[in-house]
Amino acid sequence: PAATNAPTAAATQKKLDPRVYAFYYAWYQNPATDGLWAHWNHKHLDHWDAAVRAKYPPFVHDPEKRDVGASFFPALGAYSSADDSIIEAHFAQLRKANVGVAVVSWYPPGKRDANGPEVDGLVKRLLAAAARFGLELCLHLEPWEGRTAAAQL
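Predicted model, so just to flag it, every value in this text is computed and none were measured. (Residues numbered from 1 in each chain as written. Predicted model: local features only at pLDDT ≥ 70, side-chain atom pairs only at ≥ 80, totals over all residues. Heavy atoms only, no water.)

This part covers the overall build of the chain. Secondary structure assignment for the chain yields five helices and three strands. Sequence-ordered secondary structure for the chain, helices as α and strands as β, is α-β-α-α-α-β-α-β. Seen through its principal axes, the chain has C-alpha atoms that stretch 55 × 45 × 30 Å. Looking at the 153 residues of the chain, the share that counts as buried comes to 35%. With an accessible surface of roughly 9,500 Å², the chain has 57% of that area assigned to carbon and sulfur atoms. Taking the average location of the 16 positive side-chain charges in the chain and that of its 16 negative ones, the two points are 6 Å from each other. (Helix = DSSP H or I, 4+ residues; strand = E, 2+ residues; numbered from the N terminus. Buried < 20%, exposed > 50% of the residue type's maximum accessible area, 1.4 Å probe, protein only. Areas by Shrake-Rupley, 256 points an atom, 1.4 Å probe, with all protein chains shown as cover. Lys, Arg positive; Asp, Glu negative; His and termini not counted. Charge placed at Lys NZ, Arg CZ, Asp CG, Glu CD.)

Put into structure tokens, the structure is as follows:
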């Protein structure tokens with residue numbers, strides 16, 4: 001893929017702050033890229049207080065109506081995390097913000113959360129993008145059934 005947002009070699013020589021981390025969720029899908037919506041259209045999360053919860057009927061977010069379950073609609077639209085131009089744009093934004101480490105929310109192969117796709121297949125692409133932008137990348141192990149510390153060694 002063409003790295004249209006990739007910084008020049010001189011720009012990547014500027015060392016980013018390794019103390020600045022940002023979480024990166026690579027589990028979003030849209031019909032244009034993936035054939036379906038994922039994570040943008042998750043079920044509304046109920047309020048923990050029963051009195052507040054009773055005021056709001058259950059519903060599913062609708063990205064077609066710009067409802068993605070967030071306070072703000074993304075400037076890049078309801079994107080797909082698998083879109084190379086989105087990965088490039090996100091990593092350019094991280095670099096511009098002096099983020100040194102992108103923390104990718106991760107499940108191992110064959111595991112995923114209830115609202116979205118497996119994300120392990122994107123890790124190599126994310127590592128390559130991180131290298132192009134002079135970022136480090138680490139994995140945040142999400143909880144899954146049967147996960148134990150011993151099983152990760």
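Now, onward.
Turning our attention to the packing of aromatic side chains. As enumerated under the stated definition, the model contains seven aromatic pairs in all. An aromatic cluster is present here, built from F23, Y25 and W27 joined pairwise through their rings. The ring of F73 has R66 lying over it, and the distance from NZ or CZ to the ring centre is 4.0 Å. Directly above the ring of W144 sits R147, whose terminal nitrogen or CZ lies 5.7 Å from the centroid. (Phe/Tyr/Trp six-rings, centres within 6.5 Å; stacked < 30°, edge-to-face > 60°. Lys NZ or Arg CZ within 6 Å of the ring centre and 35° of its normal.)

To continue, consider the sheet that holds strand β1 (residues 17–24). Read from one edge to the other, the open sheet built from three strands follows the order β1-β2-β3, with strand pairing classed as parallel. Looking at which strands have only one partner, the edges of the open sheet turn out to be β1 and β3 (136–141). For this sheet, the mean angle separating the axes of adjacent strands, direction not counted, is 30°. By the bridge criterion, five bridges tie β1 to strand β2 (residues 99–106) in an arrangement that is parallel. Within β2, the position partnered with A22 by the bridge is A102. (Pairing = 2+ DSSP bridges. Axes fitted to C-alpha atoms, helices over the stretch in contact; angles between N-to-C directions.)

A few words on helix α5 (residues 123–132). Along α5, the positions that sit buried rather than exposed are V123, L126, A129 and A130. An end-on view of α5 places all buried positions within 125° of arc, on one side of the element. Away from the buried face of α5 by more than 90 degrees, exposed residues K124 and A131 are located. Its buried side turned inward, α5 meets β1, α4 (84–96), β2 and β3. Phi for G134, located one or two positions after α5, is positive at around 75°. (Arc of directions from axis to C-beta. Contact = heavy atoms within 4.5 Å.)

Axis separation between α4 and α5 bottoms out at 10 Å; the angle between their running directions is 40°. On the basis of the axis angle, α4 is oblique to α5. Here α4 and α5 pass one another in a crossing that is right-handed. Residues D84, I87, E88 and F91 of α4 form the contact with α5, whose own contacting residues are R125, L126, A129, A130 and R132. In terms of residue class, the contact of α4 with α5 is made up of five nonpolar, no polar and four charged. (Parallel < 35°, antiparallel > 145°, perpendicular 65-115°, else oblique. Left-handed = near helix turned anticlockwise from the far one by under 90°. Nonpolar A, V, L, I, M, F, W, Y, C, P; charged D, E, K, R; others polar.)

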